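Report on the structure
The residues making up each chain are set out below.
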Amino acid sequence: MSSSQSDGRFADKEQALSLTMVNSDRALRKLLGLSVASLPPPAPMPVLCCAGTAKTRNTQLSETMTQQPFWKTKTLAEMSNAEWESLCDGCGLCCLNKLEDWDTGEVVFTSVACKLLDGDSCRCKDYENRQETVPDCIQLTLKGLREIKWLPPTCGYRLIDEGHDLYWWHPLVSGDPETVHAAGVSARGRTISEEGMDVEDLEDYVVDWPLKVGSERG
Ligand code: SF4
Ligand code: SF4
């Protein structure tokens, strides 16, 4: 894994201290000003926790070979659990720590990943039991998707919700879960674990590549 350097936007220490680490549930609370009790309850609609699901993609792909793909004909709310889950491209970007500027509300990504993220596969190392280790890991729902403002522009959920098509490298389109990495739009090889890191040091790892698409990325 490689660590990334700060882009210098938070060089001022006072400003840095006004930032808060945002990740998963905590991020949602900070960003929305909600209390724990007011967070959305588990939704009856399909849910997904990032970086954890790819098992249904092949099935979905074969089903879509002879007809219009489901993501072009259904709204997110109309999708089955399997269809919803398959929209995750496995980029791992939502498992990166974010920083929020309390004054402006701006959220920036860092290259510091959740301790359970495998920096190579970009998958959760203990998806089934992740809540025991990372209790505030977000479970993405349709409602949550529209409230979270920091999802990367390449995220399959965000693309479909905003009326766009999936990119060629999305596993549903390419049929290959590796293309998201080959296209350079995942976190593979670019992260450092949060384990043992002081929160105040996160500002040194601010990066902008999670916000870029395809060839724009360095
Ligand atoms: S950012 Fe979106 S597509 Fe990427 S891992 Fe997270 S939920 Fe999946
Ligand atoms: S526990 Fe961490 S690595 Fe696993 S899905 Fe949640 S944020 Fe991602």
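Along each chain, the written sequence defines residue order, and numbers are assigned to residues from 1. Following the order in which they are written, the chains are lettered starting with A and the ligands numbered starting with 1. Residue-level local features of this predicted model are given only where pLDDT is at least 70; pairs of side-chain atoms are given and counted only at 80 or more, and the full residue set underlies all totals for whole chains, interfaces and linings.

Some remarks on the overall build of the protein chain
Helices and strands together make up the secondary structure of the protein chain, namely 10 helices and five strands. Residues counted as buried form 36% of the 218 residues belonging to the protein chain. The long-range share in the protein chain, meaning contacts at least 24 apart out of those at least 6 apart in sequence, stands at 74%. Helix and strand definitions here come from DSSP, where helices need a minimum of 4 consecutive H or I residues and strands a minimum of 2 consecutive E residues; each element is numbered from the N-terminal end. In this scheme the burial state of a residue depends on its C-beta neighbours within 10 Å: 20 or more other such atoms mean buried, 12 or fewer mean exposed, and anything in between means partly exposed; the C-beta positions come from the backbone. Residues are defined as contacting one another if the C-beta atoms placed from their backbone atoms lie within 7 Å.

Here we look at the nonpolar core
Judged by nonpolar contacts, the single largest core of 41 residues is most densely connected at Leu-96, Ala-113 and Leu-117. At the level of secondary structure, the elements contributing two or more residues to this core comprise helix H4 (70–73), strand S2 (96–101), strand S3 (107–113), helix H8 (156–161) and strand S5 (206–207). Residue contributions to this core peak at four residues, all from S3. We call a set of buried Ala, Val, Leu, Ile, Met, Phe, Trp, Tyr and Cys residues a nonpolar core when their C-beta atoms link them within 7 Å.

Let's talk about the environment of Glu-85
Topologically, Glu-85 is positioned in helix H5 (residues 81–86). Accessibility expressed as a C-beta count within 10 Å gives 21 for Glu-85, which makes it buried. Sequence separation between Glu-85 and Leu-140 is 55 residues, and the spatial gap between their C-alpha atoms is 9.9 Å.

With respect to the environment of Cys-91
Along the chain, Cys-91 falls in the loop between H5 and S2. Under the C-beta neighbour-count criterion, Cys-91 is labelled buried, with 25 such atoms within 10 Å. Sequence separation between Cys-91 and Val-185 is 94 residues, and the spatial gap between their C-alpha atoms is 6.7 Å. Contacts of Cys-91, omitting those with residues within four sequence positions, involve Cys-122, Thr-154, Val-180, Val-185, Ser-186 and Ala-187.

Looking at the pairing of S2
The criterion for strand pairing is that DSSP finds at least two bridges linking the strands in question. Relative to S3, S2 runs antiparallel, the two being bridged by four bridges. Within the sheet, the bridge partner assigned to Leu-99 lies in S3 and is Val-108. Between S2 and S3, which follow one another and run antiparallel, lie five residues, and Gly-105 among them has a positive phi close to 80 degrees.

Observations regarding unusual backbone geometry
Phi angles above zero are rare outside glycine, and Cys-122 is one such case at about 65 degrees. Within the secondary structure, Cys-122 sits in the loop between S3 and helix H6 (130–133).

Section: the pairing of S3
The element S3 is largely enclosed, with a buried count of six among its seven residues. Of the strand pairs in this sheet, S3 and S5 are connected by two bridges, and their pairing is antiparallel. Across the sheet, residue Phe-109 finds its bridge partner in S5, namely Val-207. Taken together, the two bridges between S3 and strand S4 (residues 192–193) define a ladder with parallel strand orientation. Paired with Val-112 across the strands is Ile-192, a residue of S4.

Here's the deal with the confidence of the model for the protein chain
Summary of the metric used: pLDDT quantifies the predictor's per-residue confidence within the range 0 to 100. Of all residues in the protein chain, 67% have pLDDT values of 70 or greater, and the mean over the chain is 77. Counting contacts from residues 1–50, a segment whose pLDDT is below 50, to residues more than four positions away or on other chains yields 103 contacts. Taken together, the stretch residues 52–57 has pLDDT below 50 and engages in 16 contacts with residues farther than four places along the chain or on a different chain.

Describing the environment of Glu-194
Relative to the assigned elements, Glu-194 resides in the loop between S4 and S5. Glu-194 sits 83 residues away from Ser-111 along the chain, and the two C-alpha atoms are 9.3 Å apart. Apart from the residues within four sequence positions on either side, Glu-194 is in contact with Asn-97, Val-112, Ala-113, Cys-114 and Lys-115.

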